[in-house]
Amino acid sequence: MELKARDCLARICKFRNVETPTLMPVINPNLVVISPREMKERFGVEAIITNSYIIWKNKELKERALEIGLHKMLDFDGLIMTDSGTFQSYVYGDVEIKNEEIVKFQREIGSDIGTILDVFTEPDFSEEKVKEAIEETAKRGEEAKRYAGDMLLAGPIQGSIYPHLREYAAKLMSRIDFDYYPIGGVVPLMENYRYAEVVEAIIHAKMQLNPSKPVHLFGGGHPMFFPLAVLLGVDFFDSAAYVKYARDNRLLFPHGTRKLEELKYPPYYSPILEKYEIEEIKVMEEDERVKILAEHNLYISMEEIRRIKQAIHEESMWEYAENRAREHPLLLKAYRRLLRYSKWLEKFESISKKSAFFYTGEESMKRPIVLRLRRRIRRFKRDGPIITVPRPWSMHLDRIPKGARVKTPFGLIPLELEDIYPVQQSEFPWEEKLSLPERFEELSQKDFELLKIKSIADYQFGKGAGDALFNGEIRIIKSKNTGKIRNVIVDDEHVASLRAEDGFFTLRIGGAKRLHQRFKAPKLRVVVSHESSEFNRAGKNVFAKFVKDMDDALRPGDEVLVVDEDDNLLAVGRTLMNRLEALSFQRGMCVKVREGIANPKSSLLKNV
Ligand code: GUN
């Protein structure tokens, strides 16, 4: 996987030629309702999944698949994943094939991603039975590795409703090093809207899996659950729902399902519903009706994926998932369950986002970014009058005493931190009245500005960073338009710029040197191998595969010091990853380097 964009664990990645998150529609080779070619051309489908056991069981299909290969047989040149028959054994009690044979068969017919014959763990299984199933699955996984050849191999994580057993499964399966990790055994949970337990299953699997591996939610075909699953790092879904629901005369919508007979005013646009009147569809011949409803269902599912990708791109995935979670009480229950893991999720949460923090309800205040703000703000215990200010604060700045503390929905925020994300970049459905103290000994403009730059540095880089960065003859350069601090020059060296968007610092090499000297390794560092160091010195980006180590306290979007294995400073830039990710990904960029030590961009000073 190559990470392209992210919002917490939600991510846009490249895997082979597919952009994730994505949906693999299920193709039943015995009964094709929408052809894979149409799926690609009309619906933007990049990957499909089919069942190798169904092909293997049918003499004609089996011979044809072996003769011309799966891609030709299905007339699809995108990514094809095959499942193994596990689901059939869950539905019918047993299958007539063994793991070894089905894995070899998947390879022989040219599947891109084959699946082992895992043991399905049902919700009412005892812990003991689930543990046995997991161990048997792992055994089959090891065996399958020997027969997979060039085919990518999927190793499902089972575990039923037991979080600790999901972790156990993920640990065992990780040791075998599969290319792809589906989360299995969740279909009966999804069918009964037991979304909170699915959330637990995903989280506990993710906690133990290598973050660079693709994760698939087996049978997670209803678009209602896509946002929460993606927010937890699911990359692939498969859907038989589009056709199953169509057969049952039901239409999928992002907020739920509607029966055709009950539908009078379609609540969402779909090009298929535009072509026909609802009443016309109701009286159609079955085959035609199933095809039209399946097309509608697939369109709606793919469109939900696009909306989610846009939310990741805008970095508003929390708002998106939160709003969607309000469509069904059991989704809201699942979202609340997810928030119990905010502390863990905070490791993956960026320092700031392109989109403002939108409050959608009490749950918003439990998001990881709020936990972080509240934790870090504790570093700034100080006195000063407590005030309230209507937004935008900037309208009232000349009346606010410098040194005040502002009462905000996030808690008490010292005025000097008013601009940092998400304090300033947030919207709440209520308004504060202006309330100021009668009399207050306020700081001078100069002292306040010094306090401000030092406090922001301490918030962003840790206590002591402000003193280390801004020590000497300090010149603060402000924007001519807004009057806001833009650049800080220390002893004639450009040390840092303050970003207007999120209120945090961008470091220059001069700033990086000061922090490097002040803080011992590993703090703020990304350590790169010797193969990479010359490139980074010259200002080139850091690729994840060259990262040897990284400060565990760094978060996506943080400013980082790039150093070699002897802790020599090479460059300064912004990381896209946290430590766990940086050490796991073998492809793609980890640090976007701004300046290398060999080519400091001091010329930028001309523009300040
Ligand atoms: N399809 C839906 N659930 C599962 C599962 O747990 N394992 C496999 N192999 N396929 C599935």
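Residues numbered from 1 in each chain as written. Predicted model: local features only at pLDDT ≥ 70, side-chain atom pairs only at ≥ 80, totals over all residues. Heavy atoms only, no water.

Caption draft 1: The arrangement of the packing of helix α16 (residues 317-325) against helix α17 (residues 329-339) in detail. One can describe the packing of α16 onto α17 by two numbers: an axis separation of 8 Å at closest approach and a directional angle of 140°. On the basis of the axis angle, α16 is oblique to α17. For the pair formed by α16 and α17, the contact residues are Trp-318, Glu-322, Arg-324 and Ala-325 on the first element and Leu-331, Leu-332, Tyr-335, Leu-338 and Leu-339 on the second. Among the residues making up the contact of α16 with α17, the classes are represented as seven nonpolar, no polar and two charged. (Axes fitted to C-alpha atoms, helices over the stretch in contact; angles between N-to-C directions. Helix = DSSP H or I, 4+ residues; strand = E, 2+ residues; numbered from the N terminus. Parallel < 35°, antiparallel > 145°, perpendicular 65-115°, else oblique. Contact = heavy atoms within 4.5 Å. Nonpolar A, V, L, I, M, F, W, Y, C, P; charged D, E, K, R; others polar.)

Caption draft 2: Expanded view of the site of the ligand. Lining the immediate environment of the ligand, one finds Asp-83, Ser-84, Thr-86, Phe-87, Thr-115, Asp-118, Phe-120, Gln-158, Gly-184, Gly-185, Val-187 and Phe-218. A distance of 2.8 Å separates a nitrogen atom of the ligand from a polar side-chain atom of Asp-118. Burial of the ligand by the protein chains amounts to 97% of its free accessible area of 280 Å². Residues of the shell around the ligand, tallied by class, amount to four nonpolar, six polar and two charged. (Near = heavy atom within 4 Å. Polar contact = N/O pair within 3.5 Å; in protein donor to acceptor, adjacent residues only side chain to side chain. Areas by Shrake-Rupley, 256 points an atom, 1.4 Å probe, with all protein chains shown as cover.)

Caption draft 3: Inspection of unusual backbone geometry at higher detail. Cis rather than trans, the peptide bond between Thr-20 and Pro-21 has omega equal to 0°. Mapping Pro-21 onto the fold places it in the loop between β3 (18-20) and β4 (22-27). Omega for the peptide link from Ala-521 to Pro-522 comes to 5°, which places this bond in the cis form. With respect to the helices, strands and loops of the structure, Pro-522 is situated in the loop between α22 (509-518) and β23 (525-528). The backbone phi angle of Arg-16 is positive, close to 55°, even though this residue is not glycine. Within the secondary structure layout, Arg-16 lies in the loop between β2 (10-15) and β3.

Caption draft 4: Region of the structure containing the packing of helix α6 (residues 99-108) against helix α7 (residues 127-147). Running from N to C, α6 and α7 cross one another at 35°; their axes reach a closest spacing of 9 Å. Helix-helix and strand crossings are classified by hand; for α6 and α7 the assignment is right-handed. Every residue of α7 that contacts α6 at Asn-99, Glu-100, Val-103, Lys-104 and Arg-107 is listed here: Arg-140, Glu-143, Ala-144 and Tyr-147. The residue makeup of the contact of α6 with α7, split by class, is three nonpolar, one polar and five charged. (Left-handed = near helix turned anticlockwise from the far one by under 90°.)

Caption draft 5: Layout of the state of the cysteines. Taken as a whole and judged by the stated rule, the model has zero disulfides. For Cys-590, which is in no disulfide, the shortest distance to another cysteine sulfur is to Cys-13 and amounts to 14 Å. (Disulfide = S-S within 2.5 Å.)

Caption draft 6: Layout of the environment of Lys-347. Note on placement: Lys-347 falls in the loop between α18 (342-345) and β14 (357-358). Judged by its relative accessible area of 31%, Lys-347 is partly exposed. (Buried < 20%, exposed > 50% of the residue type's maximum accessible area, 1.4 Å probe, protein only.)

Caption draft 7: Up close: the nonpolar core. The biggest cluster of nonpolar side chains holds 112 residues, and the ones touching the most others in it are Leu-217 and Phe-225. With twelve residues, helix α15 (residues 286-314) is the single largest residue contributor to this core. Those residues in contact with Phe-225 that sit more than four places away from it in its chain are Met-190, Tyr-195, Val-198, Val-199, Ile-202, Leu-217 and Leu-331. The next biggest cluster of nonpolar side chains, apart from the first, holds 83 residues, and it includes Val-389, Ala-404, Val-562 and Cys-590. (Core = buried A, V, L, I, M, F, W, Y, C linked by side-chain atoms within 4.5 Å.)

Caption draft 8: Layout of the sheet that holds strand β21 (residues 493-498). The strand order β19-β20-β21-β22 describes an open sheet built from four strands, whose pairing is antiparallel. On the outer flanks of this sheet lie β19 (474-478) and β22 (505-507), each paired with one strand and no other. Averaged over all neighbouring strand pairs, the angle between strand axes comes to 25°, with direction disregarded. Bridge analysis of β19 against strand β20 (residues 485-490) gives five bridges, and the strand direction is antiparallel. When the bridges of β20 are listed, Lys-478 appears paired with Ile-485. Along the sheet face, α22 touches β20, β21 and β22 and points at about 95° away from the line of β21. (Pairing = 2+ DSSP bridges.)

Caption draft 9: Highlighting the pairing of β20. Judged by how many residues are buried, β20 sits mostly within the fold: five of six residues are covered. Once β19 ends, the chain turns through six residues before running back antiparallel as β20, passing Gly-483 with a positive phi of about 75°. Between the antiparallel neighbours β20 and β21 lie two residues, among them Asp-491 with a positive phi of about 45°.

Caption draft 10: Region of the structure containing a negative patch on the surface. A cluster of acidic residues, Glu-277, Glu-280, Glu-285, Glu-286, Asp-287 and Glu-288, forms a negative patch at the surface. The element that contributes the greatest number of residues to the negative patch is α15, accounting for three residues. Tracing the backbone shows Glu-277 in the loop between α13 (271-275) and α14 (278-282). (Patch = residues over 30% accessible without salt bridge, like charges linked within 9 Å, V, L, I, M, F, W, Y side chains within 5 Å. Salt bridge = Lys/Arg side-chain N within 4 Å of Asp/Glu carboxyl O. Lys, Arg positive; Asp, Glu negative; His and termini not counted. Charge placed at Lys NZ, Arg CZ, Asp CG, Glu CD.)

Caption draft 11: Spotlight on the environment of Asp-549. Within the fold, Asp-549 resides in strand β25 (residues 547-550). For the pair Asp-549 and Ile-116, spaced 433 residues apart in sequence, the C-alpha separation works out to 34 Å. Ignoring anything within four residues of it in the chain, the contact list for Asp-549 reads Arg-525, Val-526, Val-527, Arg-579 and Leu-583.

Caption draft 12: Broad picture of the side chain of Ser-84. Looking at where Ser-84 falls in the secondary structure, it is placed in the loop between β6 (79-83) and α5 (86-92). A polar atom in the side chain of Ser-84 sits 3.4 Å from the side chain of Asp-83. A polar side-chain atom of Ser-84 sits 3.2 Å from a polar atom in the side chain of Thr-86. In this structure Ser-84 touches Asn-51, Ser-52, Tyr-53, Ile-102, Gln-106, Thr-115, Ile-116, Leu-117 and Asp-118, once residues within four positions along its chain are discounted.

Caption draft 13: Spatial organisation of the packing of aromatic side chains. In this structure the tally under the stated criterion is 23 aromatic pairs. Seen in terms of ring centroids, Phe-470 and Phe-505 are 5.4 Å apart; in terms of plane orientation they differ by 50°. Their pairing is tilted. With Phe-470 in the loop between α21 (465-469) and β19 and Phe-505 in strand β22, this residue pair connects regions lying 35 residues apart in the sequence. As far as burial versus exposure is concerned, Phe-470 and Phe-505 are alike and both buried. Here the aromatic cluster, defined as three or more aromatic residues joined through ring pairs, consists of Phe-357, Tyr-359, Phe-410, Phe-428 and Trp-430. (Phe/Tyr/Trp six-rings, centres within 6.5 Å; stacked < 30°, edge-to-face > 60°.)

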